[in-house]
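# Understanding the architecture of this molecule
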Amino acid sequence: MTNLSKEDLRALRVMVVEDDQSTRQLLRKFMEHLLFDDVTERENGEAALKDLTRRHYDLIVTDLEMQPMNGWDFLHHIRHDQNVTNPYVPVILVTQHANRETVLRARDDGASAFVAKPVDFKNLQRTIMTVLSETRPFVKADDYVGPDRRRQDKLPKDGKYQRSDDYKW
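My aim in this report is to walk through the structure given alongside it, one point at a time. (Residues numbered from 1 in each chain as written. Predicted model: local features only at pLDDT ≥ 70, side-chain atom pairs only at ≥ 80, totals over all residues. Heavy atoms only, no water.)

### Focus: the environment of Leu12
Worth spelling out the cut-off: Secondary structure elements are taken from DSSP: a helix is a run of H or I of four residues or more, a strand is a run of E of two residues or more, and numbering for both begins at the N terminus. A simple rule labels every residue: compare its accessible area, found with a 1.4 Å probe on the protein chains alone, to the largest value its type can have, and call it buried under 20%, exposed over 50%, or partly exposed in between. Whether two residues are in contact is decided by their heavy atoms, any of which lying within 4.5 Å being enough.
For Leu12, the position within the fold is in the loop between α1 (6-11) and β1 (13-17). Judged by relative accessible area, which is 18%, Leu12 ranks as buried. Separated by 25 residues in the primary sequence, Leu12 and Asp37 place their C-alpha atoms 7.5 Å from one another. Beyond its immediate chain neighbours, meaning those up to four positions away, Leu12 contacts Phe36, Asp38, Asp58 and Leu132.

Okay, here's the thing in structure tokens:
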């Protein structure tokens, strides 16, 4: 499933950002079950952002709907705030509103992955291990900051990018 060893996982710093205390604690226990030793919990994006300006994290799992700073604003700060120690940190967004628009916005706002609530922990585990072991190049452009959204396994062999709007009928 991953090329990361147990020692690799133990060495990583993880942050769980979730306003619901029981869900936050459940996510923390799950992270510890995956062998992460250093797991920080925060109840909203504002509290989490303070930590991100002081400490390097290797993975963030965050809810979208929180107050006073929601997951969208939190993600924007991670990717654009010059005071964040690791703007390239993989961010997995978790929400109960897993419609097409939300998934596309998450992708376009620079999220590394997206997981729907209620959380299927096997799916979350696969997502975490994929994000950590199959890192993507980071892109900084005028209208996008985040991991390269192009899937390398979907690129044509001749190097030309073929998207639906590339075709002329």
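### Quick look at the pattern of salt bridges
Worth spelling out the cut-off: A pair is scored as a salt bridge if a Lys or Arg side-chain nitrogen falls within 4 Å of a carboxyl oxygen belonging to Asp or Glu.
With the rule as written, the count across this model stands at 11 salt bridges. The shortest N-O distance in the salt bridge between Arg28 and Glu32 comes to 2.9 Å. With Arg28 and Glu32 both in helix α2 (residues 21-33), this residue pair falls 4 residues apart, about one helical turn. What makes Arg28 partly exposed here is its relative accessible area of 23%.

### Topic: unusual backbone geometry
Cis geometry is adopted by the peptide bond preceding Pro68, which originates at Gln67 and carries an omega value of 0 degrees. Tracing the backbone through its elements, the reader meets Pro68 in the loop between β3 (59-63) and α4 (71-80). The linkage connecting Lys117 with the following residue, Pro118, adopts the cis geometry, with an omega of -5 degrees. Turning to its location among the elements, Pro118 is positioned in the loop between β5 (113-116) and α6 (121-133). Even without a glycine there, the phi angle at Leu35 is positive, about 90 degrees. By the element assignment, Leu35 lies in the loop between α2 and β2 (38-42).

### Some details on helix α3 (residues 45-52)
So the rule is basically this: Regarding the arc, it is the one traced by the directions from the helix axis to the C-beta atoms. Here a polar contact means two N or O atoms within 3.5 Å. Within protein one must be a hydrogen donor candidate and the other an acceptor candidate, and residues neighboring in sequence count only if both atoms are side-chain atoms.
Of all the residues in α3, the buried ones are Gly45, Ala48, Leu49, Asp51 and Leu52. Considered in projection along α3, the buried side chains sweep an arc of 155 degrees and stay on one side of the axis. Against β1, β2, β3 and α4 lie the buried residues of α3. One side-chain oxygen at the N-terminal end of α3 lies 2.9 Å from the backbone nitrogen of Glu46; it belongs to Asn44.

### Quick word on helix α5 (residues 100-108)
N-cap assignment for α5: the residue whose side-chain oxygen lies 3.2 Å from the backbone N of Glu101 is Asn99. Remark: Gly110 follows α5 within two positions and exhibits a positive phi of approximately 100 degrees.

### What about the side chain of Ser133?
Mapping Ser133 onto the fold places it in helix α6. In this structure Ser133 comes out as buried when scored by relative accessible area, which is 18%. Within polar-contact distance, the side chain of Ser133 engages the backbone oxygen of Met129 at 2.6 Å.

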